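Examination of the molecular architecture
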Amino acid sequence: MTATVGVAGLGHWGPNLARNFAELADLTWLCDTDLAKSEVGSRYPQARWTDSFDEMLEDAELDAVIVATPVPTHFELARRALAAGKHVLVEKPPAMRGREMDELVALADERDLVLMPGHLLLYHPGVQMLKEMIGAGELGDVLCIYGNRQNLGIIRSNENALWSLGVHDLSVILYLLDEEPEQAVALGRDFLTEGVEDVVFCYLRFPSGKIAHMHLSWLDPHKMRKITVVGTERMVVFDDMELERKVTVYEKAPWRPSDRYGEWQTRTGDIFSPRIASDEPLKLECSEFLRLVSGEGDRPKVAEDGARVVRALDLLTRSLNGS
Ligand SMILES: NC(=O)c1ccc[n+]([C@@H]2O[C@H](COP(=O)([O-])OP(=O)(O)OC[C@H]3O[C@@H](n4cnc5c(N)ncnc54)[C@H](O)[C@@H]3O)[C@@H](O)[C@H]2O)c1
């Protein structure tokens, strides 16, 4: 049976979600506290418009709610939707504190509802390819991963670079390694707006000994959206700025210790870019949400993966604040 879906928050991002759910499911509600956004409704005459989130939740026929409102509202709206018995897809991050996220996970679990964070990059066919390569052992043992997310702008004054940019890379790093960091260190500076770090460097260490790093900045000459994975057999780069060569595999690796002074010799071979499917990541994300709503897939794992990201952000924030 086709799920009925309501989208809350129709600013910049929400209309993309509404477009996909109108195509993939039965879009029955659109909600925004700003009446000026009601023009989005004219594209979907089948959907009812409201400026009241609670009015939408009162509809017993509504299966699922999509939360695409500003970050500080996510926890409260997701909590209310779950309490009303609705499946929830909530934009990243679903909460700003680990304990709030734990509350959402417990509520979803108790009611057997979907709680899916909008970690768009996890549905990117390029990131999926990295995950498959790691899973198949093609990189050997993964030693370290690092993310670069830098540009000049968009300069934000309410969210720092860690929360605004880091959530993307962190979700990918934790997904690829399937581990939770035991150590998280963040250092940064608030150059333009007091208390809002524009440049943040993060270091993560995992129980397996693997390590990760993230360079997050909106004060940078390079526009970079890149994840690099270093393995003992191969190295691979996912570069979201590239149009065609999103994934590049390097046949480069440490090889063997030489006879002299314990130095290591390295091995260098081909460098190639496999073809990546051109499917829209957001459509794949929305389809996965509907699959979970229909009862397929692993609901608790999806919610718990979201909680891991929030817990790691929480740890990094405490380190950044020097506590
Ligand atoms: N996954 C991605 O790649 C991606 C990209 C952009 C934005 N986002 C996320 O989407 C969310 C929204 O971002 P945006 O750029 O569209 O913000 P925005 O400020 O443009 O839009 C937010 C909308 O939510 C509405 N709103 C606020 N409180 C509400 C409430 N209680 N009920 C209903 N509507 C309410 C506002 O009136 C506004 O129209 C953020 O969480 C952001 O992180 C995700």
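Before reading further, recall that the structure is shown in the block above.
Residues numbered from 1 in each chain as written. Predicted model: local features only at pLDDT ≥ 70, side-chain atom pairs only at ≥ 80, totals over all residues. Heavy atoms only, no water.

For the rest of this paragraph, the subject is the overall build of the protein. From N to C terminus, the protein includes eight helices and 14 strands. Computed over C-alpha atoms, the radius of gyration of the protein comes to 21 Å, within 12% of the 20 Å expected from 2.2 N^0.38 for 323 residues, which places it in the range of a compact globule. Its C-alpha atoms give the protein principal-axis dimensions of roughly 75 × 45 × 40 Å. At a minimum sequence separation of 6, the contacts of the protein that also span at least 24 residues come to 62%. Accessible surface, the protein: about 15500 Å² in total, of which carbon and sulfur atoms supply 50%. When the 35 basic and 52 acidic side-chain charges of the protein are each reduced to a single mean position, those positions are 4 Å apart. (Helix = DSSP H or I, 4+ residues; strand = E, 2+ residues; numbered from the N terminus. Rg over C-alpha atoms; globule rule 2.2 N^0.38 Å. Contact = heavy atoms within 4.5 Å. Areas by Shrake-Rupley, 256 points an atom, 1.4 Å probe, with all protein chains shown as cover. Lys, Arg positive; Asp, Glu negative; His and termini not counted. Charge placed at Lys NZ, Arg CZ, Asp CG, Glu CD.)

Close to the ligand lie 19 residues, the nearest being His12, Trp13, Asp32, Lys37 and His74. The separation between an oxygen atom of the ligand and a polar side-chain atom of histidine 12 is 2.8 Å. Within the side chain of histidine 74, a nitrogen or oxygen atom sits 2.9 Å from an oxygen atom of the ligand. For the ligand, the accessible surface in isolation is 850 Å², of which the surrounding protein chains cover 76%. Here the shell around the ligand is composed, by residue class, of seven nonpolar, seven polar and five charged. (Near = heavy atom within 4 Å. Polar contact = N/O pair within 3.5 Å; in protein donor to acceptor, adjacent residues only side chain to side chain. Nonpolar A, V, L, I, M, F, W, Y, C, P; charged D, E, K, R; others polar.)

Inspection of the secondary structure puts aspartate 169 in helix H6 (residues 161-177). Excluding anything up to four places from it in sequence, aspartate 169 contacts Gly147, Asn148, Arg149, Met214, Leu216 and Ile227.

On to the sheet that holds strand S4 (residues 64-67). Reading across the sheet, the six strands line up as S3-S2-S1-S4-S5-S6 and stay open at both edges, with parallel pairing between neighbours. Both edges of this open sheet fall to strand S3 (48-50) and strand S6 (115-118), since each of them pairs with a single strand only. Strand-to-strand twist in this sheet, taken as the mean axis angle between neighbours without regard to direction, amounts to 20°. Pairing between S4 and strand S5 (residues 87-91): four bridges, direction parallel. Counterpart to alanine 64 in the pairing with S5 is histidine 87. On top of the sheet, helix H3 (residues 74-83) reaches S4, S5 and S6; it is set at about 170° to S5, its chief contact. Contacts between helix H8 (residues 299-320) and the sheet are confined to S5 and S6, with S6 contributing the most and set at about 45° to the helix. (Pairing = 2+ DSSP bridges. Axes fitted to C-alpha atoms, helices over the stretch in contact; angles between N-to-C directions.)

Oppositely charged side chains can form a pair if their charged atoms are brought close together. Scanning the model with the defined rule gives 25 salt bridges in all. Here lysine 246 ties to aspartate 240 by a salt bridge, and the two come within 3.0 Å at their closest N and O atoms. Salt bridges sharing common partners tie together Asp54, Glu76, Arg79 and Arg80. (Salt bridge = Lys/Arg side-chain N within 4 Å of Asp/Glu carboxyl O.)

Attention now goes to the packing of aromatic side chains. Evaluation of the coordinates by the stated rule reveals one aromatic pair. Aromatic pair phenylalanine 21 and phenylalanine 289: ring centres 6.0 Å apart, planes at 85°, arrangement edge-to-face. Highlighted residues: phenylalanine 21 in helix H1 (residues 14-24) and phenylalanine 289 in helix H7 (residues 281-293), separated in sequence by 268 residues. Phenylalanine 21 gets classed as buried once you look at its relative accessible area, which sits at 0%. In this structure, arginine 256 packs its charged tip against the face of tryptophan 255, placed 4.2 Å from the ring centre. (Phe/Tyr/Trp six-rings, centres within 6.5 Å; stacked < 30°, edge-to-face > 60°. Buried < 20%, exposed > 50% of the residue type's maximum accessible area, 1.4 Å probe, protein only. Lys NZ or Arg CZ within 6 Å of the ring centre and 35° of its normal.)

Attention shifts here to the nonpolar core. Counting 71 residues, the largest nonpolar core has Phe21, Leu162, Leu170, Val229, Phe289 and Leu316 as the members making the most contacts within it. Top element by residues in this core is H6. It accounts for eleven residues. If we skip the residues at most four places from it in the chain, phenylalanine 289 touches Phe21, Ala64, Ile66, His87, Val88, Leu89, Val114 and Met116. Counting 27 residues, the second largest nonpolar core, distinct from the first, contains Leu57, Val105, Leu107 and Ala108. (Core = buried A, V, L, I, M, F, W, Y, C linked by side-chain atoms within 4.5 Å.)

Strand order in this open sheet of eight strands is S8-S9-S10-S7-S11-S12-S13-S14, and the pairing throughout is mixed. The outermost strands of the open sheet, each flanked by one partner alone, are strand S8 (183-189) and strand S14 (264-272). Pairs of neighbouring strands in the sheet enclose a mean axial angle of 15°, with direction left out of account. Of the pairings in the sheet, the one linking strand S7 (residues 142-152) to strand S10 (residues 211-217) comprises seven bridges and is parallel in character. If you follow cysteine 144 over to S10, its bridge partner there is isoleucine 211. Of the strands in this sheet, S7, strand S11 (219-231), strand S12 (235-239) and strand S13 (247-257) touch helix H5 (residues 125-135), which is tilted by about 165° from S12. Sitting on the sheet, H6 is in contact with S7, strand S9 (199-205), S10 and S11, with an inclination near 155° to S10.

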